[in-house]
Amino acid sequence: MSSMKISNVTKNSLEKMFSENKRFDGRKLLDLNNLEIEYNVSKKAEGSARVRLGKTEVIVGVKLGTGEPYPDSPDKGNLMVSADLLPMASPRFESGPPKFNAIELPRVIDRMIRESGMLDLGKLCIKKGERVWTLFIDIYPINDDGSLIDAAGIACIAALKNARLPGLTKDNFPDYDKKTDERLPLSKETYPLSFTFFKLGDKLILHPTREEEESCDSRITWGISKWNKQYMINSCQKGLEVTFNKKEIIGMMDLLPKKYDEIIKLIGEKLNE
Amino acid sequence: MVKRISGRKADELREMTAKVGVIPNADGSAIFSFGETIAIAAVYGPRQLHPQHMQDPSSGILRVNYDLLSFSVSDRKRPGPSRRSREISKVTEMALKPVVDISEFPNTVVDVQIYIIQADAGTRTAGINAASMALAHAGIPMKGLISSFAIGKIDKDLIVDVDKYEEDYKEGEGATDFPIAKISGTENYTLLQLDGKMQPELVKKSLDMADKACEEIYEIQKSALKEIINGDGEK
Amino acid sequence: MKNEINEAHEAANEKVSGSNLEERKIVIPGEVITSGDDFLPGEWTFREDDNIIANRYGLAEQVGRVIKIIPLSGAFTPRRNNVVLGRVTDITHNGWLIDIDYANKGFLPVAESPRYINKHEMDQYLAIGDLVSGKIWSISGRGIDLSFKGKGLGKLEEGFAFRITPSRVPRIIGREGSMINLIKEKTGCNISVGQNGWIWVKGENIDSEIRARKSIEFIADKVYIGGLTEKMEEWFEKN
């Protein structure tokens, strides 16, 4: 990929295409991209997954350690989500201290996971007030061709589903040589997915390629799950400077459940294996 | 004869896999594995070098970054460079530099990014193998490929391509790790590091063993580069 | 648009008989391509004793007595007289800075504009983000100077630009422009190909533009050793 920014004519062309509900790869504006999930891509992790969304590829690993609980939640495990936007994945990513995107991405996913209730942190307590499990979710893009948040979100859920607790030593430290079959305390009924709408002119698209994403002026990410047969919005983050209007948000609320079901139909079985 | 837990012969490398074109965004990329150790490498450039004062008006610069993914090891590695990864980045850079000819690209940089997805000993050597393939795949002018692996010594015996179990061997003279990189088809070494106890005579013998091992690695690298181009090619 | 590799294709017909390089083959750096005094080392190769050795990954080809390598991958290397597409990134007092997708920026002097331009109104001719097609007329340590003198060069209005791997550009152009002419004819689009891998397309409607881009990406992605035109014609029958 090149580091050249999108030119004015290309942006105008995309705007014209979007107004005809067309895209370069043949999709319609709100069509999802091809999605593939692979498990156990890194065996030293307690759980790991690789997700390919179009040409975007993300690897996520879950590591389990033990530590002291936070004083305000003495009987709950800790969850830490972080991302490192490797310069390997895009000419846009630079080494050095994390830029805003590398901070925002894991925070948006952290909120979505936490608020959906898919993970019962209360069951990750080893000894109240003294020792709890600490769950590290680490996100690494391998190739960024757009829609990084949505690809990373799915990879995080998949890696959580894939994870097995390690054994414990007498002093309640993890014993990584002692593998168990015990899974994380995850709800069987629900898991969240994220959908980021990108906006160019007055048109909205899903799962943009890098080129489409760079032509867009605004974006909004929704975390949605299904809880007791009801759809729940768990998180939201509006990015960039351009506004969204009321009609657009209402349209998203009508569309999100359909898109959620569409992905579940595609990968639900794979996620529940 | 030395008994290895894995059942390998003394001069037997772990199973290797190699593929190029694994990162579409990069100018060149490759993945290389020795058994359970998996390294992925991307090359970008020649491209603009910032900051400007680092630029060399007589030649391009090769810049290597090696690191472990946090979950590639049992105890989670904190993200970001460590003293270890900085050292390995630099020795890897020097292991690759002798074959890389970027004098035609003044003031630019060729960036090599190496990440270890899964670590089971031999990460720096797997990284060098992947990086050498990625540089070739990126069309960087080179005199040859670099093939790399580690000689080990457990107690008194020399073995090829140490795995994690062997690296931790404690009995007798203990474990010695001797990573080597070599320019394909030559007797010129570009990486030599040693950690342990080894008699001078065994160092000589190690170099003989390296000839055969590097030849095998080279064949894997070569066929990966010839087989497929950008992951979508046809012969 | 003519380029060195096209010329190589043409010259390839005059092969030395009885050589061991009848067909092009993929070679890797350091590999011995051929031996003997009959051959001379060409682009991206060097001689060591009796052998001609590859200095770069690509397709080895024999042109007369010369053995050379056609690169298959890698970043763009600018050469004098290359046509490149670029994006205006800044306006200075005497010209425009152009991102040509290379380590160094291109510079287009104000004198290259086809009409007189007031220094305060330079952005009325070329604004930041505009797309241009220019020719490289000089390469120095710090910069690359561009010119608009030539057919089809200048500001590109409407349409869009996309990128392919620069080393695949010769495939898109084809022998004496045969491939690009085929694509233009089948899609009815105006197409401008930069040696830096950037390609501009403008057609009657969006569908023909999309078709043109898809056909170019199809031929750029595949690493067929020969028969590209047939493959392209087949593609147009199906798409």
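Just so you know, these numbers come straight off a predicted model, no measurement behind them.

Moving on to the overall build of chain B. Helix and strand counts for chain B come out as 4 helices and 9 strands. Overall, chain B shows an N-to-C arrangement of helices and strands of β-β-β-β-α-β-α-β-β-α-β-β-α. Taking 2.2 N^0.38 as the reference for a compact globule, 235 residues should give roughly 18 Å; the C-alpha atoms of chain B span a radius of gyration of 18 Å, in line with that estimate. Oriented by its inertia axes, the alpha-carbon framework of chain B measures out at about 55 × 40 × 35 Å. In chain B, the share of contacts with a sequence separation of at least 24, taken over all contacts with a separation of at least 6, comes to 67%. Each charge sign in chain B was given a centre, from 30 positive and 35 negative side chains, and these centres are 4 Å apart.

This part takes up the interface of chain A and chain C. Taken residue by residue, the interface counts 19 residues in chain A and 25 residues in chain C. Counting the surface lost from both chain A and chain C, the interface buries some 1700 Å², and carbon and sulfur atoms represent 57% of this. In terms of surface lost to chain C, no three residues of chain A exceed Met4, Val9 and Phe24 of chain A, which account for 38% of the buried area on that side. Here chain A and chain C share 2 salt bridges between them.

All names here are of chain C. For helix α6 (residues 228–238), every residue scored as buried is listed here: Leu228, Met232, Trp235 and Phe236. Angularly, the buried residues of α6 cover 95 degrees about the axis, an arc narrow enough to put them on a single face. Relative to its buried face, α6 has exposed residues pointing more than 90 degrees away, namely Glu237 and Lys238. Here the buried face of α6 lies against α3 (169–173), α4 (178–187) and α5 (206–221).

Next up on the list: the nonpolar core. If you look at the biggest cluster of nonpolar residues, it comprises 83 residues, and the most contacted ones within it are Leu62, Leu135, Phe149 and Ile151 of chain B together with Trp96 of chain C. Per-element tally for this core: the top contributor is helix α4 (residues 200–227) of chain B, with 9 residues. Looking at which domains feed residues into this core, each of domain 1 (4–71) and domain 2 (83–155) of chain C gives three or more. If sequence neighbours within four positions are ignored, Leu135 of chain B has contacts with Val43, Leu62, Leu96, Val100, Val110, Val112, Ile140 and Met142 of chain B.

Inspection of the entire model under this criterion finds 1 cavity of 30 Å³ or more. Its volume calculated, the largest cavity comes out at about 50 Å³. In terms of lining residues, the largest cavity is bounded by Pro46, Phe105, Ala138, Gly139 and Ile140 of chain B together with Arg56, Gly74, Ala75 and Thr77 of chain C. Of the residues in the lining of the largest cavity, the class split is 5 nonpolar, 3 polar and 1 charged.

Residues and elements named next belong to chain B. Between Gly45 and the following residue, Pro46, the backbone shows a cis peptide bond with an omega angle of 5 degrees. Tracing the chain through its elements places Pro46 in strand β3 (residues 37–48). With omega at -10 degrees, the peptide bond leading from His50 into Pro51 counts as cis. In this fold, Pro51 is placed in the loop between β3 and β4 (61–68). Here Asn107, not a glycine, exhibits a phi torsion of approximately 65 degrees, which is positive. Of note, the phi angle at Asp161 is positive, near 60 degrees, even though the residue is not glycine. Mapped onto the elements, Asp161 comes out in the loop between β7 (157–160) and α3 (164–167). Among the residues examined, Asp161 registers a relative accessible area of 1% and is labelled buried.

By secondary structure assignment, the location of Lys43 of chain A is in the loop between β1 (35–39) and β2 (47–53). For Lys43 of chain A, a relative accessible area of 46% translates into the label partly exposed. For the pair Lys43 of chain A and Gly61 of chain A, spaced 18 residues apart in sequence, the C-alpha separation works out to 9.3 Å. In contact with Lys43 of chain A, not counting residues within four places along its chain, are Glu36 and Gln118 of chain B.

The rules we used
Residues numbered from 1 in each chain as written. Chains lettered and ligands numbered in written order. Predicted model: local features only at pLDDT ≥ 70, side-chain atom pairs only at ≥ 80, totals over all residues. Heavy atoms only, no water. Helix = DSSP H or I, 4+ residues; strand = E, 2+ residues; numbered from the N terminus. Rg over C-alpha atoms; globule rule 2.2 N^0.38 Å. Contact = heavy atoms within 4.5 Å. Lys, Arg positive; Asp, Glu negative; His and termini not counted. Charge placed at Lys NZ, Arg CZ, Asp CG, Glu CD. Buried area = accessible area lost by both parts, 1.4 Å probe. Salt bridge = Lys/Arg side-chain N within 4 Å of Asp/Glu carboxyl O. Buried < 20%, exposed > 50% of the residue type's maximum accessible area, 1.4 Å probe, protein only. Arc of directions from axis to C-beta. Core = buried A, V, L, I, M, F, W, Y, C linked by side-chain atoms within 4.5 Å. Domains from an automatic or database assignment. 1 Å grid on protein atoms, 1.4 Å probe; cavity = no way out; pocket = protein on both sides within 12 Å on 5 of 7 lines; lining within 4 Å. Points joined across faces, edges and corners; volume = space filled by probe spheres on them. Nonpolar A, V, L, I, M, F, W, Y, C, P; charged D, E, K, R; others polar.

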